[in-house]
Amino acid sequence: MAIEAELKAVVRDPETLLRLLEDQYGAGRAEVYRDTYYDAPDGAFMGADRELRIRTVHGPEHTRTVLTYKGARVDEASGSKPEAETMVEDAEAAHEIVRALGFVPRIRFEKRCRNYDFTEDGRRFLATLVRVPEIDGTFIELETAASTDDLAQALAVVRSVLASLGITDADLTTEQYTDAVFAARP
């Protein structure tokens, strides 16, 4: 299973970062993610640092749904996890299948994103500028695929790209959106 080599950071100056992203990588795609995270009824699945998510992405030209499984973190400093995902044709059927397997919806929330796809140092990257309505602030996620053997190198390139965008190690965070949304809700 491929590892999602990813770093997430708090963005101190969203307007400047947006200009840098547009100048370096062209116009981004505005998309809204509607995420549902599932867990075992006793919380053991997420409690073991694993994720099962159905994400429906609404873009200006189409809507798509993705089923994602993430294993436990393999790198504590970055929070990088093994990840497998696949497109699903029928979102409601996917939700029904996951519930029929005994999982229950743990949390649902929305992410408002602007995405940039590009290649750097021979790797394909996705940079995502993120706002979650229930959480204060703007975030950037930068990810690429890696294997266990080249995770450190992949994360070094991720750090380098972030540095070129003015993001420092002091801006990095491993707090998950699920935890932040849980904390923000009554």
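Above: the structure in question.
**Regarding the overall build of the chain**
And step 1. For the chain, the count of helices and strands is five helices and nine strands.
And step 2. When the elements of the chain are put in sequence order from the N terminus, they spell out β-α-β-α-β-β-β-α-β-β-β-α-β-α.
And step 3. For 186 residues, the compact-globule formula gives about 16 Å, and the C-alpha radius of gyration of the chain, at 16 Å, lands near that figure.
And step 4. Overall, the C-alpha framework of the chain stretches about 45 × 35 × 35 Å when taken along its three principal axes.
And step 5. Counting all 186 residues of the chain, 45% fall into the buried class.

**Observations concerning the nonpolar core**
The nonpolar side chains of soluble globular proteins are, as a tendency, buried together.
And step 1. Within the largest apolar cluster, 25 residues are counted, with the highest numbers of intra-cluster contacts made by Leu 17, Leu 21, Ile 140, Leu 142 and Leu 165.
And step 2. Looking at this core, the elements with two or more residues in it are strand 1 (3-11), helix 1 (14-25), strand 6 (104-120), strand 7 (123-131), strand 8 (138-146) and helix 4 (151-164).
And step 3. The contacts of Leu 17, once residues within four sequence positions are left out, are Val 11, Leu 129, Ile 140, Leu 165 and Ile 167.
And step 4. Judged by nonpolar contacts, the second largest core, of 14 residues, contains Ile 107, Cys 113, Tyr 177 and Val 181.

**Remarks on the pairing of strand 2 (residues 29-39)**
And step 1. As paired strands, strand 2 and strand 6 are joined by eleven bridges and run antiparallel to one another. Within the sheet, the bridge partner assigned to Glu 31 lies in strand 6 and is Cys 113.
And step 2. For strand 2 and strand 3 (residues 51-58), the ladder comprises seven bridges, and the chain directions are antiparallel. Residue Thr 36 lies in a different strand from strand 3, and its bridge partner there is Ile 54.

**Some remarks on the packing of aromatic side chains**
And step 1. Evaluated as defined, the whole model comprises six aromatic pairs.
And step 2. When the centroid spacing of 3.7 Å and the interplanar angle of 15° are considered together, the rings of Tyr 25 and Phe 118 count as stacked. Taken together, the positions of Tyr 25 in helix 1 and Phe 118 in strand 6 put the pair 93 residues apart, joining distant regions of the chain. Here the two residues Tyr 25 and Phe 118 agree in accessibility, since each one is buried.
And step 3. Aromatic pair Phe 45 and Phe 103: ring centres 5.2 Å apart, planes at 80°, arrangement edge-to-face. You can see Phe 45 sitting in helix 2 (residues 44-47) and its partner Phe 103 sitting in the loop between helix 3 (91-100) and strand 6, a full 58 residues away along the chain.

**Remarks on helix 5 (residues 177-184)**
And step 1. Listing the buried residues of helix 5 in full gives Tyr 177, Thr 178, Ala 180 and Val 181. One side of helix 5 carries all its buried residues, which in axial view fall inside an arc of 165°.
And step 2. The elements touched by buried residues of helix 5 are strand 1, strand 2, helix 2, strand 6, strand 7 and strand 8.

About the thresholds
Residues numbered from 1 in each chain as written. Predicted model: local features only at pLDDT ≥ 70, side-chain atom pairs only at ≥ 80, totals over all residues. Heavy atoms only, no water. Helix = DSSP H or I, 4+ residues; strand = E, 2+ residues; numbered from the N terminus. Rg over C-alpha atoms; globule rule 2.2 N^0.38 Å. Buried < 20%, exposed > 50% of the residue type's maximum accessible area, 1.4 Å probe, protein only. Core = buried A, V, L, I, M, F, W, Y, C linked by side-chain atoms within 4.5 Å. Contact = heavy atoms within 4.5 Å. Pairing = 2+ DSSP bridges. Phe/Tyr/Trp six-rings, centres within 6.5 Å; stacked < 30°, edge-to-face > 60°. Arc of directions from axis to C-beta.

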